[in-house]
Amino acid sequence: MSSVPAIEAVPPASRWPWLAGFLAGEWRAWIFVGKSLLAIYLAAWLAMWLQLEQPSTTMITVSIVMHPHSGMVLAKSFYRAIGTLAGSLFGLALMSVFPQQRELFLLSLSLWVALCAGGATLYRNFMSYGFVLAGYTAAIVTLPAINHPLGVFDSAVMRVSEVLLGIVVAAVVSDLVWPERLRLLLRQSAQAQFNLFIDFVRESTAGNLPRAQMEHANLALTRAAVRLEDMRASVIFEDPEVHARSTRMRLLNQRYMAAATSFQSLHHLINRVQRSGSPSVADALIALYRPLGNALSPTPAQQHQSAVLAARLDECVAQLPVQVTALRASLTEPLAQLEFDTGAALLQRFVVELRDFAALEGSLREAKLRGSVEKVHFKRGNDIPGALVGVLRTFLTMATLSAFWLASGWPFGASAMLLATIFSGLLAASPNPVSAATHTLLGYAAGMLAAFVVVFGLLPGSSDFAALIGASAGLMLIGPYLSTRDTLPGVGAGYTLGFVYILALKNPMVYDPAHFLNDGIAQVAGLALAGAAFILLPSVIGSGWQRTRQFRRLREQAALAATAPLEGLAWRFESLVRDLFQQVVTHTRPGSDESRSLLAWALAVLESGRTMIELRQQLATDGGIAPAVRDAATAATHAIARLYHEPDAARWREADAAVHAAIVAAAAAEQPVRLHLYQLRSALRDDESPFAEYMTPTSPESVHAA
């Protein structure tokens, strides 16, 4: 359960200084508070009017799914509905199998909740929340009916009705009352991503980018790609137009990542040629690179117009072959020609990818879509071992609480179980669950105290719904307001949940101080136990153990590029490498040795992996490649795969020798695959790459290009 992101300030008005001073930086926050209160009370009124048993469940649903952006509300609502239905069905099935065997019932429920908590750590955005809901909805449905198994169906129907009502009310209020459209933010982010990349490419046409600058650029490009996919996954619920363009947006992100990889590979090659003492080759490649800068430099008003840039890049693609021929004629040595041909092929590939990127970006701006595009997906790097740790932790928590409940006969054990179930799942995917549990517990306790004041101090004697609003709104709004602050994440959400849970609106309303105190103690105990479990069995998110495994998996993507089936491999590779890189770098200290090593390996994996995919695609489609060359190239990719799987000096020498042998075989047979092979060899011998420590001065240097 995450807090609502902080909301930006707006310039204060000048007409009423006292009001402007109060509302400066707050107006959007208070709009969100107002919408939240409207949705909560509207849901409560409808639940009472429909004679639902626990209007508080509907109010809780609203408080959980509300968000300043309507797209986020719809996304949360969609997955909450799916999770609620799945959890209810499982709860019914579980109660039907173990109607009178509490031990087996609670054991099975603990396992289900644990599996759902594990699923919550494997998925992102609100898909994760759907798993949490599936876990604790089963508990919500079954635990109140554990002493009356025959009433579990009625309980399930009532809980589903209450939750779905809350979902509908939250979605309607969010979409109709001062809606904050996420699609506008998505469009701005996509446009900014396009503009920044174009500007970066334009400014780099001098041909020399320091390694450190390229590493930081790779980090920025990765974050932009992952952020755009996260946002797209939520916006598709908000706007049918965006949903229709979702496939193109995924392809746009894929083309962006592909162009970024080619861009990085090209500059690495130019930098390596400059350092190797081949100024003529470097100068020729830089001269070939400059026309791209001209294509990206129309009038200032057109520099970010994708349609204009796509047309100019198309002209550049057509002119490049003539320029390649002219510049190559000035080089006489076979090795220099091979270096130039490799760089020229990379540049031509990059310009084509940049043109396609600009053309697709332009098509997204058109009012009406034309034709269809390739379907791609953003592959995520899920951490299964980490999820299994979450499963074990949640199962032990629930099993321990179940055993205590059975042994003690605690009348309010169901309340403790319910809170432990909810927060075991919600905290499972948190990067700092102990801190999140602490903040949520503080907010929850404060919300309970506020609800106590309302229930036993202000509500008695109230005769209508308006009086209920007047008695509770002043204290309830504290929770939504705190949710807009990022200083204490989780406090606002915890306050709202604690307030609504203890307010416990029912049909009819019941005033029982003893029940109130016992229920509050049980709920706090359940939440505290869920938090304590993360102390006894810490979360692996961001831990050194997880970073080490994800770092290894990041390297192994190069091995998969050499061996995995080619269909869809390009987009799987690009997205998975960036997602893994984003996960690891998020939990490393900027500027540390670990961070620098990660950046260097990420660049090496992207360059080598993409080159091997291009090489394998050429081997698969070009039937004129000699068998001996094909075998040598395949052996070279497998040797590189072994190097990335377990890097050391011996495997580096093996890979270097295999690539060298493949280049010689391809050069003797005059096969075009030698360009990809030479790029692999250049990447292996990059003295600024992670392989620098393995390089030896006795490595073979001579290559006969023709």
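Our structure is the block above this text.
Criteria and cut-off values
Sequence order as written defines residue numbering, which begins from 1 separately in each chain. Where local features are concerned, this predicted model is filtered to residues with pLDDT of at least 70; where side-chain atom pairs are given and counted, the filter is 80 or more; whole-chain, interface and lining totals use all residues. With hydrogens and water set aside, each side-chain value is computed from the structure's full complement of heavy atoms. Helix numbering and strand numbering both begin at the N terminus, where a helix is a DSSP run of H or I of at least 4 residues and a strand a DSSP run of E of at least 2. Residue burial is assigned from relative accessible area. The probe radius is 1.4 Å, only protein chains are included, and a residue is buried under 20% of its type maximum, exposed over 50%, and partly exposed in between. A contact between two residues is defined here by any heavy atoms of the two lying within 4.5 Å. All axes are obtained by fitting lines to C-alpha atoms, using only the stretch in contact for helices, and the reported angles, taken between N-to-C directions, cover 0 to 180 degrees. Here the angle decides the label: under 35 degrees means roughly parallel, over 145 means roughly antiparallel, 65 to 115 means roughly perpendicular, and every other value means oblique. Take the far helix as the reference: if the near one is turned anticlockwise from it by less than a right angle, the crossing is left-handed, and if turned clockwise, right-handed. Three residue categories are used. Nonpolar comprises Ala, Val, Leu, Ile, Met, Phe, Trp, Tyr, Cys and Pro, charged comprises Asp, Glu, Lys and Arg, and polar comprises the others, including Gly. We call Phe, Tyr and Trp rings a pair once their centres come within 6.5 Å, taking the six-membered ring for Trp, and we label the pair stacked below 30 degrees between planes, edge-to-face above 60, and tilted otherwise. By nonpolar core is meant a set of buried Ala, Val, Leu, Ile, Met, Phe, Trp, Tyr and Cys residues that side-chain atoms within 4.5 Å join together. We call two N or O atoms a polar contact when they sit within 3.5 Å, provided that within protein one can donate a hydrogen and the other can accept it, with sequence-adjacent residues counted only if both atoms are side-chain atoms. Grid points spaced at 1 Å and placed over the protein atoms alone form the basis of the search, with a cavity being a set where a 1.4 Å probe fits but cannot get out and a pocket an open set showing protein on both sides within 12 Å along at least five of seven lines. Lining residues have an atom within 4 Å of a point. Grid points are joined across faces, edges and corners, and a volume is the space filled by probe spheres set on the points. Helices are assigned an expected span. That span is 1.5 Å times one less than the residue count.

Novice: An account of the overall build of the chain is needed here, citing residue identities and associated values.
Specialist: A tally of regular secondary structure across the chain gives 27 helices and zero strands. Taken over 706 residues, the chain has a buried fraction of 56%. Restricting to contacts in the chain with at least 6 residues of sequence separation, those with at least 24 account for 79%.

Novice: For the packing of helix H22 (residues 544-563) against helix H25 (residues 627-645), give the residues involved together with the corresponding values.
Specialist: Look at H22 against H25: their axes get within 8 Å of each other, and the N-to-C directions meet at 160 degrees. On the basis of their axis angle, the class for H22 and H25 is roughly antiparallel. Relative to H25, H22 is oriented so that their crossing is left-handed. Along its contact with H22, which presents Arg555, Glu556, Ala558, Ala559, Ala562 and Thr563, the element H25 presents Thr637, His638, Ala641, Tyr644 and His645. For the contact of H22 with H25, the per-class residue count stands at five nonpolar, four polar and two charged.

Novice: An account of the packing of aromatic side chains is needed here, citing residue identities and associated values.
Specialist: Each aromatic ring pair is specified by the distance between its two centres and by the angle formed by the two planes. The full count for this structure, using the stated rule, is 21 aromatic pairs. Centroid distance tyrosine 444 to tyrosine 501: 6.4 Å. Interplanar angle 45 degrees. Geometry classified as tilted. Linking tyrosine 444 in helix H17 (residues 433-458) with tyrosine 501 in helix H20 (residues 491-503), this pair joins segments that are 57 residues apart in sequence. Note on tyrosine 444: relative accessible area 0%, which makes it buried.

Novice: Give me the nonpolar core: which residues, what numbers.
Specialist: Counting 87 residues, the largest nonpolar core has Phe105, Phe423, Met476 and Leu503 as the members making the most contacts within it. Examining the composition of this core, we find that ten residues originate from one element, helix H2 (residues 27-49), more than from any other. One finds Phe263, Leu309, Phe340 and Phe357 within the second-largest nonpolar core, a separate group that totals 58 residues.

Novice: Break down the packing of H22 against helix H23 (residues 569-586) for me, with residues and values.
Specialist: It is at 10 Å that the axes of H22 and H23 come closest, and there the two elements cross at 160 degrees. Regarding the angle of H22 to H23, the classification is roughly antiparallel. Here H22 runs over H23; the crossing is left-handed. Together, Arg547, Gln550, Phe551, Arg553, Leu554, Gln557, Ala558, Leu560 and Ala561 of H22 and Leu569, Phe573, Leu576, Val577, Leu580, Phe581, Gln583 and Val584 of H23 make up the contact between the two elements.

Novice: Run through the environment of threonine 563, naming residues and quoting values.
Specialist: Mapped onto the secondary structure, threonine 563 falls in helix H22. The class for threonine 563 is partly exposed, based on a relative accessible area of 47%. The spatial distance from the C-alpha of threonine 563 to the C-alpha of alanine 641 is 8.0 Å, given a sequence separation of 78 residues. Look past the residues within four positions of threonine 563 in its chain and what remains in contact with it is Arg616 and His638. Separated by 3.0 Å, the side chain of threonine 563 and the backbone oxygen of alanine 559 make a polar contact.

Novice: Outline the layout of surface pockets, listing residues and values.
Specialist: In this structure, the second largest pocket occupies an estimated 1,000 Å³ of space. Lining the second largest pocket are 43 residues, with Gln54, Ser415, Lys506, His515 and Asp519 sitting closest to its centre. At the level of secondary structure, the elements contributing two or more residues to the lining of the second largest pocket comprise helix H3 (55-65), helix H6 (125-142), helix H7 (152-176), helix H15 (384-408), helix H16 (413-426), H17, H20 and helix H21 (513-536). With five residues, H16 is the single largest residue contributor to the lining of the second largest pocket.

Novice: Give me the lowdown on H2, citing residues and values where you can.
Specialist: Look at H2: 33 Å from first C-alpha to last across 23 residues, which is about the 33 Å you get at 1.5 Å a residue. Following H2 by one or two positions, glutamine 51 adopts a phi angle in the positive range, close to 65 degrees.

Novice: How would you summarise unusual backbone geometry if you had to cite specific residues and measurements?
Specialist: Non-glycine residue glutamine 51 carries a positive phi angle of around 65 degrees. Take glutamine 51: it is sitting in the loop between H2 and H3.

Novice: So what about the environment of glutamine 193? Which residues, and what values?
Specialist: Structurally, the position occupied by glutamine 193 is in helix H8 (residues 182-203). Here the alpha-carbon distance between glutamine 193 and alanine 224, two residues 31 residues apart in the chain, equals 6.7 Å. For glutamine 193, the contacting residues outside a window of four places in its chain are Ala224, Ala225, Leu228, Asn253 and Tyr256.

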